[in-house]
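Topology and contacts: notes
Chain by chain, the residues:
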Amino acid sequence: MKTETKQPFTIPWNLVTKNLHGHELLRKKLLQKIQKLSRHLRRFPPGTVHLLVALEKNPKKEEYTAGLTLRVPSNILRAEKTCRDVIQALDAAVKTLLRELESLKAELRRETFYRRKARRAALHQMKASGFAAEPQPEGEGPQNLGDVIRALLAEHHDRLLRFVRRQLWHDIRAGDLPAGAIDPRAVVDEVARRALRQPGRKPAGISWVLWLFLLARQELNRRRKEIQKRQKETVPLEVETEVPEQLLAEGYDPDQPLDLIEREIEPPVATTADLVPDPSAVPPDQWVVRRELLGELRRLVNRWPRLEREAFELHFVEGFEPDEVAMILGLTAPQGRALIQQIQDKIRDALLELAAL
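Residues numbered from 1 in each chain as written. Predicted model: local features only at pLDDT ≥ 70, side-chain atom pairs only at ≥ 80, totals over all residues. Heavy atoms only, no water.

1. Points about the overall build of the protein
- When helices and strands are tallied, the protein shows 12 helices and six strands.
- Counting over 357 residues, the protein shows a buried share of 43%.
- Carbon and sulfur atoms make up 52% of the accessible area of the protein, which amounts to about 20,500 Å² in all. (Helix = DSSP H or I, 4+ residues; strand = E, 2+ residues; numbered from the N terminus. Buried < 20%, exposed > 50% of the residue type's maximum accessible area, 1.4 Å probe, protein only. Areas by Shrake-Rupley, 256 points an atom, 1.4 Å probe, with all protein chains shown as cover.)

2. A word on the packing of helix α5 (residues 145-173) against helix α10 (residues 306-317)
- Axis separation between α5 and α10 bottoms out at 11 Å; the angle between their running directions is 145°. Here α5 runs over α10; the crossing is right-handed. Here Phe-163, Arg-166, Gln-167, His-170 and Asp-171 of α5 come into contact with α10, specifically with Arg-306, Arg-309, Glu-310, Glu-313, Leu-314 and Val-317.
- Within the contact of α5 with α10, the residues separate by chemical class into three nonpolar, two polar and six charged. (Axes fitted to C-alpha atoms, helices over the stretch in contact; angles between N-to-C directions. Left-handed = near helix turned anticlockwise from the far one by under 90°. Contact = heavy atoms within 4.5 Å. Nonpolar A, V, L, I, M, F, W, Y, C, P; charged D, E, K, R; others polar.)

3. Section: the sheet that holds strand β4 (residues 64-72)
- If you walk across this open sheet you meet the four strands as β2-β3-β4-β5, and the pairing is mixed. This sheet does not close on itself; its edge strands, each paired only once, are β2 (13-18) and β5 (75-83). Neighbouring strand axes in the sheet, compared pairwise and without regard to direction, differ in orientation by 15° on average.
- Examined bridge by bridge, β2 and strand β3 (residues 50-57) share six bridges and lie parallel to one another. Looking across to β3, one finds that Lys-18 is bridged to Glu-56.
- On the sheet, α5 packs against β3, β4 and β5 and is oriented at approximately 5° with respect to β4. (Pairing = 2+ DSSP bridges.)

4. Concerning the side chain of Asp-91
- Tracing the chain through its elements places Asp-91 in helix α2 (residues 86-109).
- Overall, Asp-91 belongs to the buried group, its relative accessible area being 17%.
- The residues contacting Asp-91, other than those within four sequence positions of it, are Lys-33 and Lys-36.

5. A short note on the confidence of the model for the protein
- Scored by pLDDT, the protein has a mean of 80; 73% of the residues are at 70 or more.
- No element of the protein has a lower mean pLDDT than helix α3 (residues 112-115), at 46, and none a higher one than helix α6 (residues 184-197), at 96.
- pLDDT under 50 marks residues 112-116. Its contacts with residues more than four places away, or in other chains, come to 21 contacts.
- Per-residue pLDDT stays below 50 along residues 248-276; that stretch engages in 43 contacts with residues further than four places along the chain or on separate chains. (pLDDT = per-residue confidence, 0-100.)

6. As for α6
- Relative to the 20 Å expected for 14 residues at 1.5 Å per residue, α6 spans 20 Å between its end C-alpha atoms, a close match to the ideal helical length.
- Turning to α6, its buried residues are Pro-184, Val-187, Val-188, Glu-190, Val-191, Ala-192 and Ala-195.
- You can read the cap of α6 off the contacts: a side-chain oxygen lies 3.1 Å from the backbone nitrogen of Arg-185, and it is on Asp-183. (Expected span 1.5 Å × (residues − 1). Polar contact = N/O pair within 3.5 Å; in protein donor to acceptor, adjacent residues only side chain to side chain.)

7. Let's talk about the environment of Leu-77
- You can see Leu-77 is positioned in strand β5.
- Judged by relative accessible area, which is 6%, Leu-77 ranks as buried.
- The sequence separation of Leu-77 and Leu-51 amounts to 26 residues, and the corresponding C-alpha distance is 9.5 Å.
- When near neighbours in sequence (up to four residues on either side) are disregarded, Leu-77 contacts Leu-68, Thr-69, Leu-70, Leu-97, Glu-100, Leu-101 and Leu-104.

8. Focus on the pairing of β4
- Among the nine residues of β4, eight are classified as buried, and the element is accordingly described as predominantly covered.
- Linkage of β3 to β4, two consecutive antiparallel strands, is achieved through a turn of six residues.
- Here β4 runs beside β5; their pairing, made up of nine bridges, is antiparallel. Bridged to Gly-67 within β5 is Glu-80.
- Between the end of β4 and the start of β5, which pair antiparallel, lie two residues.

9. Notes on the packing of aromatic side chains
- For the structure on display, the rule yields five aromatic pairs.
- Their ring planes at 65° and their centres at 5.0 Å tell us that Phe-163 and Phe-213 sit as a pair that is edge-to-face. Of this pair, Phe-163 sits in helix α5 while Phe-213 sits in helix α7 (residues 208-230); the two residues are 50 residues apart in sequence, bridging distant segments of the chain. Here Phe-163 matches Phe-213 in class, with each residue buried.
- Here the aromatic residues Phe-163, Phe-213 and Phe-320 are joined through ring pairs into a cluster of three or more. (Phe/Tyr/Trp six-rings, centres within 6.5 Å; stacked < 30°, edge-to-face > 60°.)

10. Considering the nonpolar core
- Core analysis: the largest hydrophobic core is formed by 48 residues, its most contacted members being Val-164, Phe-213, Phe-312, Leu-314 and Phe-320.
- For this core, the secondary structure elements donating two or more residues are α5, α6, α7, α9 (284-302), α10, α11 (322-329) and α12 (333-356).
- The element that contributes the greatest number of residues to this core is α7, accounting for 11 residues.
- Those residues in contact with Phe-320, other than ones at most four positions away along the chain, are Arg-159, Val-209, Leu-210, Phe-213, Leu-314, His-315, Val-325 and Ile-328.
- Core analysis: the next-biggest nonpolar cluster, separate from the first, contains 33 residues, Leu-41, Leu-51, Leu-98 and Leu-101 among them. (Core = buried A, V, L, I, M, F, W, Y, C linked by side-chain atoms within 4.5 Å.)

Laid out in structure tokens, this is it:
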């Protein structure tokens, strides 16, 4: 039986020049230099990696600057070097970017996308052959850092929106916020504005996606304080608060607040494989048990302090490591690890209680 092998894809890149012409010989040299980066990028899915090469000649003296901006699924890496020769400047920038990629390798392996077994298996069938032989046509692709940030924001917009909605859902159910008090889309829009307006404010040592979640948490806290300042009354904790319709939109299921639910634009098409029992599928009785456990876990999390709820979402749902959770929550690394351990203990105790019933 023949197995279908997918054709390798190429990584797109584009070239933006200022005060010099990107002639054919220069583009060939460029491709030779940037191909050194490709061995670190071959397991990323199509559409999640792009390289912007910016070359500029100083108009007043014989000096060239090469800037490389690389977008990967969770980060934006940059390297910029200035030399008296354009190829030397490019070579120095590539070496700097290579060092950043090497140090990022272990972190990238922990990304939520790659921790899912089914997607890891699919990625083994998708392998980039390297950078495309030619840059994108002039004017296509990102032209500056702002364009690269917009592409990263577009890639992670739904994930950020779901995170904000889950935080608001917990706040409403816990009685900390009235329903509809905060618009989750407005929170994410403000995150995008801040990232685009002040990219230099991103702290060193954290990824761009980590920073976006940090900005989302800061914006939620800012809006919560505004509401507390405006309103003297609070929602009683005993009152069961209705979850507003806008929080249920776009695949957000209140019965599964801890799941990331993907909305399918097109209706599913039945195939022969769909009619054959899937041995890996969860049996209906087990599915019911899991759903009941999920419901109990959801009710448990709603009773926790906000800091624990946020840490739970960031670690167990979004897949951030304890040290990364600490960064977002403004804790030290030991405090972050202790908090995650505390949550794990709470979950274990709750599950043991359920099992004893």
